[in-house]
Amino acid sequence: MLTDEQRHALVRWKDLLAESGLERALTRDPDAKPTEIPERFQILARLFHEGLEVEARELAACVPGDVLATLEALGLLKRAADKLESPYRLANHMGLWLFSEKVSPQAKCYYGNDSFELSRMLIGAEGNVLDLCAGVGPQALICARTAKHVTAIEIEPLAARFFWINAALNGLTDKVEFLAGDLLKPVAGRKFDLISCNPPFMPVPPGVPYPVFAGGGGDGLYIVRRLMAGLPEVLAPDGRCEVVGAVLGNAAGPDLAAFKQMAADSSLAIIVDCRTREELEGKTLKQLVGMAMVEGKGEEVERAFRSHFANLNATHLYCFLLHAVRAPSPMVCSSFWDGSGMSFRMEAFP
Ligand SMILES: C[S@@+](CC[C@H](N)C(=O)[O-])C[C@H]1O[C@@H](n2cnc3c(N)ncnc32)[C@H](O)[C@@H]1O
């Protein structure tokens, strides 16, 4: 948690960022057109957009002293002699400012395109919200703008630091709580109107070391399965759950068997909207292999991925947005690209 002085300084920093015109340069929204950044704020673009060092004296002419001191005290700016640089990434996330780690093999906190995809499903959130696998807070903070209260749960200790900085930066500290822990364990016995989750969801062969933010077990559904199993306990009667993830399949479509089992076991209606379909070759395979936490063993790891996917008869990876609600009779509705067009399916179970 931060002191009152630090929180006030961060809100002033946010106001300065809003004035700077940097918002569009730092957003992930592909439709955003960069706006003109006034001359006196160009130094902020060099620091946070281009990732360059800047003269401390020059920055002091643009940023008030107490704000600068807070950014340094929180480690958000790093000083070397008379230069300052940002060790972290600053992004504009649908109007919110977010600090997170820069992308690197050592990074422990994640913020990516799927963070954005899921956040879009949460606009206008109401009531009590639970954000699982919260990371640096993109979904929790989007919800906190409109919801009554947001509880965020995250297992990685470093994320808490970013989460509280980001909550303060956006003036949302009073609306959120952060609980360190494993998935639903910290909220046993509580109910929520909206539950969101961006879990680690990459399918990874057993024995291949993988970042905690990315590895979703053999089929990528390890956390999703646990979440759906626990959902009836934590979802309010009219509540909904929104998840982003990925499922294996072949050229004709995703393998929906796991979702059918989850729906039947927990009496849920599960809607799986597949948004992309990638062959488990070329760039996609390279990305999966590249995230493994091993050095100099690329070929061995690639072989492990290939034989793992062959054993599962999987040739494609489908990224999805999943919606789940309670249902008197369990069902799975799906949409996906089957190679020639969009396919829509609905299966209900007795
Ligand atoms: C893909 S990242 C998503 C982070 C953030 N919600 C976002 O969208 O940018 C997955 C996050 O889940 C966290 N995580 C992994 N296993 C977890 C668990 N069992 N309980 C809670 N959090 C977990 C990771 O540390 C990581 O921050």
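Just so we're clear, the structure is a prediction, and the values are computed from it rather than from any experiment.

Procedures and definitions
Residues numbered from 1 in each chain as written. Predicted model: local features only at pLDDT ≥ 70, side-chain atom pairs only at ≥ 80, totals over all residues. Axes fitted to C-alpha atoms, helices over the stretch in contact; angles between N-to-C directions. Helix = DSSP H or I, 4+ residues; strand = E, 2+ residues; numbered from the N terminus. Parallel < 35°, antiparallel > 145°, perpendicular 65-115°, else oblique. Left-handed = near helix turned anticlockwise from the far one by under 90°. Contact = placed C-beta atoms within 7 Å. Buried ≥ 20, exposed ≤ 12 C-beta atoms within 10 Å, placed from the backbone. Pairing = 2+ DSSP bridges. Domains from an automatic or database assignment. Nonpolar A, V, L, I, M, F, W, Y, C, P; charged D, E, K, R; others polar.

A. The arrangement of the packing of helix H10 (residues 282–290) against helix H11 (residues 298–311) in detail. One way to put it is that H10 packs onto H11 with a least axis distance of 9 Å and a crossing angle of 115°. Here H10 is positioned roughly perpendicular relative to H11, judged by the angle of their axes. Pair H10 / H11 crosses with right-handed handedness. Residue-level inspection shows Leu285, Leu288 and Val289 of H10 in contact with H11, the latter providing Gly298, Val301, Glu302 and Phe305.

B. How the structure looks around the pairing of strand E15 (residues 342–348). Counting buried positions along E15 gives zero out of seven residues, so the element sits mostly on the surface. Direction of pairing for strand E14 (residues 331–337) relative to E15: antiparallel, over a ladder of seven bridges. Looking across to E15, one finds that Val332 is bridged to Glu347. Connecting E14 to the antiparallel partner E15 that follows it, the hairpin turn spans four residues, and Gly339 within it adopts a positive phi of roughly 110°.

C. Structural context of the domain arrangement of the chain. You can read the domains of the chain as domain 1 (4–86) and domain 2 (93–348). One C-alpha centre belongs to domain 1, the other to domain 2, and the line joining them spans 31 Å. Counting from both sides, the interface comprises ten residues of domain 1 and, opposite them, ten residues of domain 2. A class-by-class count of the residues in the side of domain 1 that touches domain 2 yields six nonpolar, one polar and three charged.

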